[in-house]
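Structure assessment
Residue strings, one per chain:
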Amino acid sequence: MPERAPDRLLRMLGMVAYLDAHDDVAVDDLAAQFGVTPDQAIADIDTLWVTGTPGYLPYDLIDFDATAYERGVVTLVEARGLTRPLRLGGREAVALVAALRSMASSLGPALDDERAAALRSALEKVTAAAGDAAAAVDVQLPAAATPQVAAAIGDALARGRRLRIRYVDAGDRTSEREVDPVRLVTDDERRYLLAWCRASQGERLFRVDRVVAAEVLDAPAEEHPLPERAEVFTPDGGEPVTLHLASQGRWIVETTPAEAVRDLPDGSFEVDLRVVQPAWLRHLLLQAAHTVIDVRPAQVAHDAAAFARRALAAYAPLLPPGEGG
Amino acid sequence: MAPSIDPAERLLDLVIALVNTSGRMTKQQVRSSVAGYQDAVSDEAFERMFERDKDTLRELGVPVLTVTDARHGDDVGYRIDVDAYALPPVQLTPAELGVLSVAVQVWQDATLRADTTRALTKLRAVGEGPSATDLLAGLAPRVRADGSAFGPLVEAVQERRAVRFTYRAASSGEVRERTVEPWRLLARRGGWVLVGLDRDRGASRSFRLGRIQGRVRPVGAPGAFEPPTDAQLADALAAWTQGPERTAALAVLPDRAAALRARAVDDEAFDPDAVPGAREVLADRDLVHVRYRSTWELAEEVVGYGSAVVVLAPAGVRDAALDLLRTASRLDIPAEVPRA
């Protein structure tokens, strides 16, 4: 896709400001500074060279040292008033500050001192440069994992190493597996590690708060082909379950991949789910019980209720007689 | 006809012309003298081109000022005041630029990603050297935020401009138009939240971005509402501010709840005699202390373990867990109405 004109304009304006502050910059360095190929940097310089104030006579134009340029070195001679770097726009500033704050709250304990310092100082400088815009957003996300686990995941991702993890699934079963980590994924509720699981020979999303131990191995992480939507949890197969929920249960469809949602005239709604792990659905029903009007099949509701009654029985010694549930 | 000029080059020529003009340039002067505008085949085509270019520049943070001059009557002129739109003095190290280039990958939404990329391009101009890209490579968390509501709301917060949108209230399921003076956007567990003044209610309200339906439309002029006082803002944000860190005591069956045990802390000593019945519960269970900030979040977490985890203290968490369990224990009793 050809680059959009506004993006190229921004970069060319940035180049003039940068070159005004730095003499004798090699074309390759200029390209690296702006994250483009040397050919693109040359095209940008060539365009800058023919722009200027109306009249477009030699003294009207942005000008570079031609002798130096022949040697592959860019030296700005005339900036035509474009020496000031541009302020961040409101949306730009907010999007960047929010991204950095998400990184800080998501990666925090996963970073070694050098990386943590770079993230902290980048956030401070950008927040200052953003001015009032930075106050428009407030990011408070829960820490995802114990510091040791977060650090091991961070290290493995940064160095491209395989991980051995102890993982607890939704049914409270612990297993040990070797995985090739791909990246961290955040959805509205939780952090996940997207990784290739060597035992199951497929990509998996591991809830980071259920990784109870992680060890970085010497073996490099292998690359594996990943489906395009690997970051989104899409259960294949599984049992169909339909929940009829009061409106207050709306958060369930906002946080759970649903097959279908039907809004009903009284404000309640039905949601169709595919359930691979019964323990996961049971936990969902326990959290949302006060909004549940009906569950199909009925056995699912019965299982969850029996599970809750067993849990209540465990509390019996703590409760006054007659309050057992 | 001369070969047509690349749009980026035309925009650049327009910026240079309007930055260097001694006072202002009229549309006619732009059309006749700025390179690229001669390509316009008609008055209409020129108007469209010039308006679009002004919009583009405004979007990039380079607003074209309209200058009227008494001597020229209604005749409008334009200029750009670069100093007023300059970045405050700042220098970024290669390591810091490296962090920013990773930040660009955070957003899954294309609009937000484009905004972040532009911010990075601007900041590259004040980098001391090329970004050190390997520092955080691969570490960018991916964050889902739906830019269709987020972008316009950010702009509205910035501009202090009221917005109108269709919203589904979770409490009643009612779908209704809301007119809101937007104050802050919050990223919280459970997604993005807008906090602002609901004009119809005359009070502050919180709105989950995920429950906004359709487009967010600006209402009225920028700067048109009074910003909240510090007290109003603090009040509105109170529900969204994490509480102090506290410790809960749990009784856990052997070999169960490994995820809870992994974050156990051992600097707290729960006194089993302080809670009647605790010794009995602990007879065949381990005592595990965990830190928490939100009572309901911890209660929701522990009920997932069923009888494997019993909350001993504090009473608030225990009661919240018991409440969930009692409600759930009636799930197989047919209900006509939602349980209270």
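Provided above is the structure to which this section pertains.
The text that follows walks through the structure, step by step, so that each part is easy to find. Every value quoted in this text rests on a predicted model; they were computed, and no experiment measured them.

Structural notes on the overall build of chain A
- Within chain A one finds ten helices and 14 strands.
- Here chain A has a C-alpha radius of gyration of 28 Å; the compact-globule value for 325 residues is 20 Å, and the former is much larger.
- Seen through its C-alpha atoms, chain A measures out along the principal axes to roughly 95 × 55 × 40 Å.
- By the burial criterion, 50% of the 325 residues in chain A qualify as buried.
- Counting contacts in chain A only where the partners sit at least 6 residues apart, residues at least 24 apart contribute 55% of the total.

Some thoughts on the packing of aromatic side chains
- One pass over the full model with this rule turns up 14 aromatic pairs over all chains.
- When the centroid spacing of 5.0 Å and the interplanar angle of 80° are considered together, the rings of Tyr 167 of chain A and Phe 206 of chain A count as edge-to-face. Here Tyr 167 of chain A is found in strand 6 (residues 161-168), whereas its partner Phe 206 of chain A is found in strand 9 (residues 202-207), with 39 residues between them in sequence.
- For Tyr 167 of chain A, a relative accessible area of 9% puts it in the buried group.
- Under the relative-accessibility criterion, Phe 206 of chain A is labelled buried at 2%.
- Measuring from centroid to centroid gives 5.1 Å for Tyr 167 of chain B and Phe 207 of chain B, while their planes differ by 90°, and the two rings are edge-to-face. One end of the pair, Tyr 167 of chain B, is in strand 5 (residues 162-168); the other, Phe 207 of chain B, is in strand 8 (residues 203-208), and 40 residues separate them in sequence. The same class applies to Tyr 167 of chain B and to Phe 207 of chain B, which are both buried.
- The structure contains a cluster of three or more aromatic residues connected by ring pairs, namely Tyr 37, Phe 46, Phe 50 and Tyr 78 of chain B.
- Above the plane of the ring of Phe 269 of chain A lies Arg 250 of chain A, whose end atom (NZ or CZ) is 4.2 Å from the centre.
- Stacked on the ring of Phe 307 of chain A, the Lys or Arg Arg 282 of chain A has its end atom at 3.7 Å from the ring centre.

Here we look at the packing of helix 1 (residues 5-21) of chain A against helix 1 (residues 7-20) of chain B
- Contact geometry for helix 1 of chain A and helix 1 of chain B: axes closest at 8 Å, N-to-C directions at 50°. As judged from the angle between their axes, helix 1 of chain A and helix 1 of chain B are oblique. Taken as a pair, helix 1 of chain A and helix 1 of chain B cross one another with a handedness that is right-handed. Contact with helix 1 of chain A, carried on its side by Ala 5, Arg 8, Leu 9, Met 12 and Leu 13 of chain A, involves Pro 7, Ala 8, Leu 11, Leu 12 and Val 15 of chain B of helix 1 of chain B and no other residues of that element.

Let's talk about unusual backbone geometry
- Each neighbour pair has its own omega, and for Arg 296 of chain A with Pro 297 of chain A the value is 0°, a cis peptide bond.
- Mapped onto the elements, Pro 297 of chain A comes out in the loop between strand 14 (292-296) and helix 10 (298-315).
- Residue Ala 313 of chain B is joined to Pro 314 of chain B through a cis peptide bond whose omega torsion reads -5°.
- Inspection of the secondary structure assignment puts Pro 314 of chain B in the loop between strand 12 (309-313) and helix 11 (315-329).
- Unusually for a residue other than glycine, Gln 201 of chain A sits at a positive phi of about 50°.
- Along the chain, Gln 201 of chain A turns up in the loop between strand 8 (191-197) and strand 9.
- We classify Gln 201 of chain A as exposed; its relative accessible area is 53%.
- Residues other than glycine seldom take positive phi values, yet Arg 160 of chain B does so here, at roughly 50°.
- With respect to the secondary-structure elements, Arg 160 of chain B resides in the loop between helix 6 (147-159) and strand 5.
- Judged by relative accessible area, which is 32%, Arg 160 of chain B ranks as partly exposed.

Quick notes on the sheet that holds strand 12 of chain B
Residue and element names in this part refer to chain B.
- Spatially, three strands are ordered 11-10-12 in an open sheet, and the strand pairing comes out antiparallel. Of all strands in the sheet, those bounded by a partner on one side alone are strand 11 (286-292) and strand 12. Here the average twist between neighbouring strands, direction ignored, is 35°.
- Of the strand pairs in this sheet, strand 10 (residues 246-252) and strand 12 are connected by four bridges, and their pairing is antiparallel. Considered in strand 12, the bridge of Leu 250 is made with Val 311.
- Here helix 11 sits on the sheet and contacts strand 11 and strand 12; the angle it forms with strand 12, its principal contact strand, is near 145°.

Here's the deal with the interface of chain A and chain B
- Opposite the 123 residues of chain A that make contact, chain B presents 134 residues.
- Roughly 11100 Å² is buried in total at the junction of chain A and chain B, and carbon and sulfur atoms are behind 63% of that figure.
- Of all residues in chain A, Arg 91, Tyr 315 and Leu 318 of chain A bury the most surface against chain B, accounting for 7% of the area lost on that side.
- Here chain A is connected to chain B by nine salt bridges.
- Two residues, Glu 155 of chain B and Arg 91 of chain A, come together in a salt bridge whose shortest N-O distance is 3.0 Å.
- Taken together, the links from chain A to chain B amount to 29 residue pairs in polar contact (both at pLDDT 80 or more).
- Here the side of chain A that touches chain B gets 13 residues from one element, more than from any other, and that element is helix 5 (residues 90-107) of chain A.
- Looking at the side of chain A that touches chain B, its residues break down into 67 nonpolar, 27 polar and 29 charged.
- Bridge count for strand 5 (residues 137-139) of chain A against strand 6 (residues 175-188) of chain B is three bridges, and the pairing is parallel. Residue pairing in the sheet places Val 139 of chain A in a bridge with Ala 187 of chain B of strand 6 of chain B.

What counts as what
- Residues numbered from 1 in each chain as written.
- Chains lettered and ligands numbered in written order.
- Predicted model: local features only at pLDDT ≥ 70, side-chain atom pairs only at ≥ 80, totals over all residues.
- Heavy atoms only, no water.
- Helix = DSSP H or I, 4+ residues; strand = E, 2+ residues; numbered from the N terminus.
- Rg over C-alpha atoms; globule rule 2.2 N^0.38 Å.
- Buried < 20%, exposed > 50% of the residue type's maximum accessible area, 1.4 Å probe, protein only.
- Contact = heavy atoms within 4.5 Å.
- Phe/Tyr/Trp six-rings, centres within 6.5 Å; stacked < 30°, edge-to-face > 60°.
- Lys NZ or Arg CZ within 6 Å of the ring centre and 35° of its normal.
- Axes fitted to C-alpha atoms, helices over the stretch in contact; angles between N-to-C directions.
- Parallel < 35°, antiparallel > 145°, perpendicular 65-115°, else oblique.
- Left-handed = near helix turned anticlockwise from the far one by under 90°.
- Pairing = 2+ DSSP bridges.
- Buried area = accessible area lost by both parts, 1.4 Å probe.
- Salt bridge = Lys/Arg side-chain N within 4 Å of Asp/Glu carboxyl O.
- Polar contact = N/O pair within 3.5 Å; in protein donor to acceptor, adjacent residues only side chain to side chain.
- Nonpolar A, V, L, I, M, F, W, Y, C, P; charged D, E, K, R; others polar.

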